[in-house]
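Single-letter residue listing:
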Amino acid sequence: MPKDSATLRAAPRRATRPPTPQRLAWLLGPALVAGVAYLDPGNVASNMTAGARFGYLLVWVVVLGNVMAWLIQYLSAKLGIVTGRSLPENLGTRIRRPWARRAYWLQAELVAMATDIAEVIGGAVALNLLFGLPLIWGGLVTGLVSMALLVLQTRRGARTFEFVIVGLIVIIAVGFTVGVFVGPPDPAGVVAGLVPRFDGAESVLLAASILGATIMPHAIYAHSALARDRFAGHRMADTEPQDGTDASATGIPIPRLLRATRWDVSIAMLIAGTVNLCILLLAAANLAGVPGTDSLEGAYSALEAGIGPVVATLFAVGLLASGLASTSVGAYAGAEIMHGLLRVRIPLLARRLVTLIPALIILGAGVDPTLALVLSQVVLSFGIPFALIPLIVLTADRALLGEHRNRRITTAAGIAASVFLIALNGVLLWLVLGGG
């Protein structure tokens, strides 16, 4: 056989090798962007308050929430990849009655607004701590920077936006983890905190707040849309090519996208879970029992006095990066919710301006920022079932996802997570209304 013919026949076989690290890295990104929602100022306030008031008691809530978040975010991304539509879009086609779609949109919109309030307030507090900027002006600056990030997304594309968000995640991780190495937690206390238990109604409130900040409904909506947008035009087929064709030249098989997504979600949740746990441990080890440390301002002052100004400054910088990164993702999620359910698309910048108003009103009214952050996360916790239950149902549907539908054990795990979250919210409501 001529040498040229042998070369031509060998080429297709080389193309079927597993994806190189460079190709795998190219597929990563959507989960990291969605994962910034797990590092927003609401997480900081909830975890910091839990550690300052109850020490290591609620460590198990952070760990459990992160495990459930992995499953939920993967299912969300899978829905977007396989169907080519986001969760709101899938629901918009299935909810036939207009009034039902509007009702569902209303609760989802309230959740998105609660998220936005937390993110803007967190950025305002950080600017106040770093530069003494009044809260209302800090909230306005946070909103303006988020607009710049949204302009970057619309004009430069998903990859550039992802790089910027990942850079902010690095700043967040450094800002919130350094203090744990300077003032390390008690290992025995950490182990004891892994045992599930509560200590009164306030601990249940904080547990619901932590879960609402960890398993964020808007992140479920957003991740399906991010995965859809990221791989639009790149999906090839439901199976790997068997004829030796180069998948990278014609598209990317769905199984390969799903494998990469599992890595993407694992990396994102590992980062988010570690940072959230470090925030709680930092407070439990250094702020428990110290008066006034159940607020972000008090925690900053206590860290500055107890561990040093460098750790306190890094904490404030991490809080600022958290607010700036997460508020742009929140605006994206809100726009997708409206488009998918109401089939109305409002420019992201216009929506950013409208949703900025409630946060500025709260800041201008003098409401305690930390309390507003914690309560906003409780609102998110009540919105979780409305996003999670439809997600489990849709990803288990053979007619919709075909061979990529959930396995029975996956569906069972999703149902268990839903039952747990709904039960926790029910207990919270009973304690609050009963004055417990």
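Keep in mind it's a predicted model, so treat the numbers as computed, not measured.

About the criteria used
- Residues numbered from 1 in each chain as written.
- Predicted model: local features only at pLDDT ≥ 70, side-chain atom pairs only at ≥ 80, totals over all residues.
- Heavy atoms only, no water.
- Helix = DSSP H or I, 4+ residues; strand = E, 2+ residues; numbered from the N terminus.
- Buried < 20%, exposed > 50% of the residue type's maximum accessible area, 1.4 Å probe, protein only.
- Contact = heavy atoms within 4.5 Å.
- Salt bridge = Lys/Arg side-chain N within 4 Å of Asp/Glu carboxyl O.
- Patch = residues over 30% accessible without salt bridge, like charges linked within 9 Å, V, L, I, M, F, W, Y side chains within 5 Å.
- Areas by Shrake-Rupley, 256 points an atom, 1.4 Å probe, with all protein chains shown as cover.
- pLDDT = per-residue confidence, 0-100.
- Axes fitted to C-alpha atoms, helices over the stretch in contact; angles between N-to-C directions.
- Parallel < 35°, antiparallel > 145°, perpendicular 65-115°, else oblique.
- Left-handed = near helix turned anticlockwise from the far one by under 90°.
- Nonpolar A, V, L, I, M, F, W, Y, C, P; charged D, E, K, R; others polar.
- Phe/Tyr/Trp six-rings, centres within 6.5 Å; stacked < 30°, edge-to-face > 60°.
- Expected span 1.5 Å × (residues − 1).
- Polar contact = N/O pair within 3.5 Å; in protein donor to acceptor, adjacent residues only side chain to side chain.

### Considering the overall build of the protein
Right, on to step 1. The helix and strand tally for the protein stands at 20 helices and 0 strands.
Right, on to step 2. Across the 436 residues that make up the protein, the buried fraction comes to 56%.

### So, the side chain of D116
Right, on to step 1. With respect to the element layout, D116 can be found in helix α7 (residues 98-131).
Right, on to step 2. If sequence neighbours within four positions are ignored, D116 has contacts with T327, R352, T355 and L356.

### A few points about the pattern of salt bridges
Pairing is possible between side chains that carry opposite charge, provided their charged atoms lie close to one another.
Right, on to step 1. Summed over all chains, the structure comprises 5 salt bridges.
Right, on to step 2. For R94, the salt bridge is made with D397, and the minimal N-O distance between the two is 2.7 Å. Of the two residues, R94 sits in helix α6 (residues 87-94) while D397 sits in the loop between α18 (369-395) and α19 (398-401), which places them 303 residues apart along the sequence.
Right, on to step 3. A residue is classified by how much of its surface remains accessible, and R94, at 41% relative accessible area, is partly exposed.
Right, on to step 4. Residue classification places D397 among the buried positions, given a relative accessible area of 19%.
Right, on to step 5. For R228, the salt bridge goes to D229, with nearest N and O atoms at 2.7 Å.
Right, on to step 6. Relative accessible area serves as the criterion here: at 14%, R228 is assigned to the buried category.

### Remarks on α6
Right, on to step 1. Along α6, 6 of the 8 residues are buried, which leaves the element largely enclosed by surrounding structure.
Right, on to step 2. Of the positions making up α6, those classed as buried are L87, P88, E89, N90, L91 and G92.

### Structural notes on the environment of L79
Right, on to step 1. Looking at where L79 falls in the secondary structure, it is placed in helix α5 (residues 59-83).
Right, on to step 2. In contact with L79, not counting residues within four places along its chain, are G84, R85, L87, N90, L391, L394, T395, L400 and L401.

### Thoughts on a nonpolar patch on the surface
Right, on to step 1. A cluster of nonpolar residues, V63, V67 and L194, forms a patch on the protein surface that exposes about 240 Å² of accessible area.
Right, on to step 2. The topology assignment puts L194 in the loop between α10 (187-192) and α11 (201-214).
Right, on to step 3. The class for L194 is partly exposed, based on a relative accessible area of 44%.

### Quick look at unusual backbone geometry
Right, on to step 1. A positive phi angle, close to 55°, is found at R343, a residue other than glycine.
Right, on to step 2. Within the secondary structure, R343 sits in the loop between α16 (309-342) and α17 (348-364).
Right, on to step 3. Taking relative accessible area as the criterion, R343 reaches 48% and is therefore assigned partly exposed.

### Points about the confidence of the model for the protein
Right, on to step 1. Per-residue pLDDT for the protein has a mean of 82; in total, 87% of the residues score no lower than 70.
Right, on to step 2. In the model, residues 239-250 has pLDDT below 50 throughout and makes 22 contacts with residues more than four positions away in sequence or in other chains.

### Examining the environment of D264
Right, on to step 1. Within the secondary structure, D264 sits in helix α14 (residues 254-286).
Right, on to step 2. Classification of D264 as buried rests on a relative accessible area of 3%.
Right, on to step 3. As for D264 and P30, which are separated by 234 residues in sequence, their C-alpha atoms are 7.5 Å apart.
Right, on to step 4. Discounting chain neighbours no more than four positions away, the residues touching D264 are L28, G29, P30, A31 and L32.

### Remarks on the packing of α7 against α16
Right, on to step 1. The geometry of α7 relative to α16 is characterised by a closest axis approach of 8 Å and an angle of 160° between their N-to-C directions. In this view, α7 runs roughly antiparallel relative to α16, as classed from their interaxial angle. For the crossing formed where α7 meets α16, the hand is left-handed.
Right, on to step 2. Residue classes in the contact of α7 with α16 are distributed as 18 nonpolar, 8 polar and 5 charged.

### A look at the packing of helix α4 (residues 41-54) against α14
Right, on to step 1. For the pair α4 and α14, the least separation of the axes is 7 Å and the interaxial angle reads 35°. Between α4 and α14 the crossing geometry is right-handed. Judged by residue contacts, N43, V44, N47, M48, A50, G51 and A52 of α4 engage N276, I279, L280, L282, A283 and A284 from α14.
Right, on to step 2. Its residues assigned to classes, the contact of α4 with α14 comprises 9 nonpolar, 4 polar and no charged.

### A word on the environment of A112
Right, on to step 1. When you line up the elements, A112 lands in helix α7.
Right, on to step 2. When neighbours within four sequence positions are excluded, A112 is seen to be in contact with G334, I337 and R351.

### With respect to the packing of aromatic side chains
Right, on to step 1. The full count for this structure, using the stated rule, is 3 aromatic pairs.
Right, on to step 2. On the numbers, 5.6 Å between centres and 20° between planes, the contact of W70 with Y74 is stacked. Of this pair, W70 and Y74 both sit in helix α5, separated by 4 residues, roughly a single helical turn.
Right, on to step 3. Aromatic side chains F176 and F315 sit 5.5 Å apart centroid to centroid with 65° between the ring planes, which places their arrangement in the edge-to-face category. You can see F176 sitting in helix α9 (residues 158-182) and its partner F315 sitting in helix α16, a full 139 residues away along the chain. Side by side, F176 and F315 carry an identical accessibility label, which is buried.

### As for α16
Right, on to step 1. Its 34 residues place the ends of α16 49 Å apart at the C-alpha level, agreeing with the 50 Å of an ideal helix rising 1.5 Å per residue.
Right, on to step 2. When you tally the buried positions in α16, you get 27 out of 34 residues, the bulk of the element.
Right, on to step 3. R343, located one to two residues past α16, shows a positive phi value of around 55°.

### Regarding the side chain of R228
Right, on to step 1. Tracing the backbone through its elements, the reader meets R228 in helix α12 (residues 217-230).
Right, on to step 2. Among the polar contacts listed, one links the side chain of R228 to the side chain of E336, at a separation of 3.0 Å.
Right, on to step 3. Ignoring sequence-local partners within four residues, the contact set of R228 consists of G80, G84, R85, S86, E89, Y332 and E336.

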